[in-house]
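Commentary on secondary and tertiary structure
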Amino acid sequence: MAAASNFAAPMKRLAADFETATGHRAAFSLGATGKFYAQIRNGAPFEVLLAADDETPARLEREGLAVAGSRFVYATGRLVLWSAKPGWVDDRGEVLRGGRFEHLAVASPKLAPYGAAAEQVLTRLGLRSTLQSKLVWGENIAQTYQFVHSGAAELGFVALSQVGEEGRIRSGSGWIVPAQLHRPIRQEAAALTRGRDNPAVEALLRFLRSDVARGVIRSHGYDLE
Amino acid sequence: MPEASDLAAVWLTLRLATVTTLILLLIGAPIGWWLARTRSAWKGPVGALVALPIVLPPTVLGFYLLLLLGPEGPVGRFTQSLGLGLLPFTFGGLVIASVIYSLPFVVQPLQNAFEAIGERPLEVAATLRASPLDAFFTVALPLAKPGLLTASVLGFAHTVGEFGVVLMIGGNIPGQTRVASVQIYDRVEAMEYAQAHGLAAGMVIFSFVALLLLYTLNPSGRRR
């Protein structure tokens, strides 16, 4: 199966839990959803996709590459303005207005749903053009996190699942961006045509909707519908 | 038709490759010269160090460069103390990364060329009272011309083809660090395959022509 990079941490837990619960094994690769799309179109042997958005699974379904009716939202992503340094980002994001930083890392809005959401937040706050010259672009949310984690960018918009645990920021400092400042980051799962007759695929999708799995997903900083 | 962002990426790539190649020739010539002539025990270690970028994945180079040049890294502290700021996400940072990344592709052809000259012409130059420096510029360099050509073309082409390192320390900034290979990657990821084709095909043609040039203008460059 293929899973979005932002889902890395819960995915490891879920794969282990899934194996204990059902005896099926879920082997997963992590990456950018757009890359998976290109690979699936060209015959990559994935049977399930956990996308970072809801557009790609819909598109795969239209193109006959995903099983019709198998799509559902497995998690809704939350955005965090994060810095690796403690005490740097206040809990209302005022640091953005202060402008006392060199680089603000954002995932590419064209490629990553978290990047598109971050851009919406900046636009909503009226800071998009003021901060333009300070923006550096990660090709996905994992790379954006790396930019901030290494300190090369003082702060950046990352996924709560990367820096949080049980709704709190684990290290550094961050502002959990209110969900109404951007369109919801709805992450959809879909069974791919190649996995149509595999009972393990059905079991996995059922497992992802179970209370156990939803608990794990929520504890990693996602909202659920 | 190529869009403005594609042309900007190509122009940036050409600038980066040109600056990188010039710097590489300047530092690659003395290193290649030393490697070709030395009997020092350091020859092995230095040669291995120079060749490292050939075998290391670009992600390893990019990862360590980000750490080294970042605010906590030794180089980052140094550049900050000089008031130069930090190098990641800048054109200068890309130049440094590219110089390291393409170093073996310039040093090795030069080293081979210098080795091929042998002792004889330099001994003759010495008997004619040429100083070692003089002999280097008037005898060794002209004799090593095929090697210089090979080194320039390979260094330039290899920098143009660079991807993983710039992706990791570049930050994908249009006009500053978004080079052609990264632009192609973005296009593919964004499912804009038509635009990706334009640039990608251009890259294939460029690389082919560069190598063709090398092999036809410089037949001995193949062996050296």
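None of these values were measured; they are calculated from a predicted model. (Residues numbered from 1 in each chain as written. Chains lettered and ligands numbered in written order. Predicted model: local features only at pLDDT ≥ 70, side-chain atom pairs only at ≥ 80, totals over all residues. Heavy atoms only, no water.)

1. What to know about the pattern of salt bridges
- By the definition in use, this model includes 18 salt bridges over all chains.
- Where E63 of chain A meets R59 of chain A, a salt bridge forms, and the shortest distance between an N and an O atom there is 3.9 Å. (Salt bridge = Lys/Arg side-chain N within 4 Å of Asp/Glu carboxyl O.)

2. Considering helix α9 (residues 211–219) of chain A
All names here are of chain A.
- Of the residues making up α9, those classed as buried are A213, V216, I217 and S219. Seen along its axis, α9 keeps its buried residues to an arc of 165°; they face one direction.
- Considering only its buried residues, α9 is in contact with α1 (8–22), β4 (72–77), β9 (164–165) and α8 (199–208).
- Two residues or fewer after α9 comes G221, characterised by a positive phi angle close to 95°. (Buried < 20%, exposed > 50% of the residue type's maximum accessible area, 1.4 Å probe, protein only. Helix = DSSP H or I, 4+ residues; strand = E, 2+ residues; numbered from the N terminus. Arc of directions from axis to C-beta. Contact = heavy atoms within 4.5 Å.)

3. A word on the environment of L79 of chain A
Residues and elements named next belong to chain A.
- Mapped onto the elements, L79 comes out in strand β5 (residues 79–83).
- Judged by relative accessible area, which is 0%, L79 ranks as buried.
- Through-space distance from the C-alpha of L79 to that of W175 is 8.6 Å; in sequence the pair is 96 residues apart.
- What L79 contacts, discounting residues up to four positions off in sequence, is Y114, A117, A118, V121, F157, V158, W175, I176, V177 and H182.

4. So, the domain arrangement of chain A
All names here are of chain A.
- When cut into domains, chain A gives domain 1 (2–76 + 185–219) and domain 2 (79–176).
- When each unit is reduced to the centre of its C-alpha atoms, the spacing between domain 1 and domain 2 is 26 Å.
- Facing 9 residues of domain 1, the contacting portion of domain 2 comprises 10 residues.
- Of the roughly 810 Å² buried between domain 1 and domain 2, counting both surfaces, carbon and sulfur atoms make up 62%.
- Together, N6, I185 and S219 form the three largest contributors to the area buried by domain 1 at its contact with domain 2, with a combined 56%.
- At the boundary of domain 1 with domain 2, the tally comes to 0 salt bridges.
- By residue class, the composition of the side of domain 1 that touches domain 2 is 4 nonpolar, 4 polar and 1 charged. (Domains from an automatic or database assignment. Buried area = accessible area lost by both parts, 1.4 Å probe. Nonpolar A, V, L, I, M, F, W, Y, C, P; charged D, E, K, R; others polar.)

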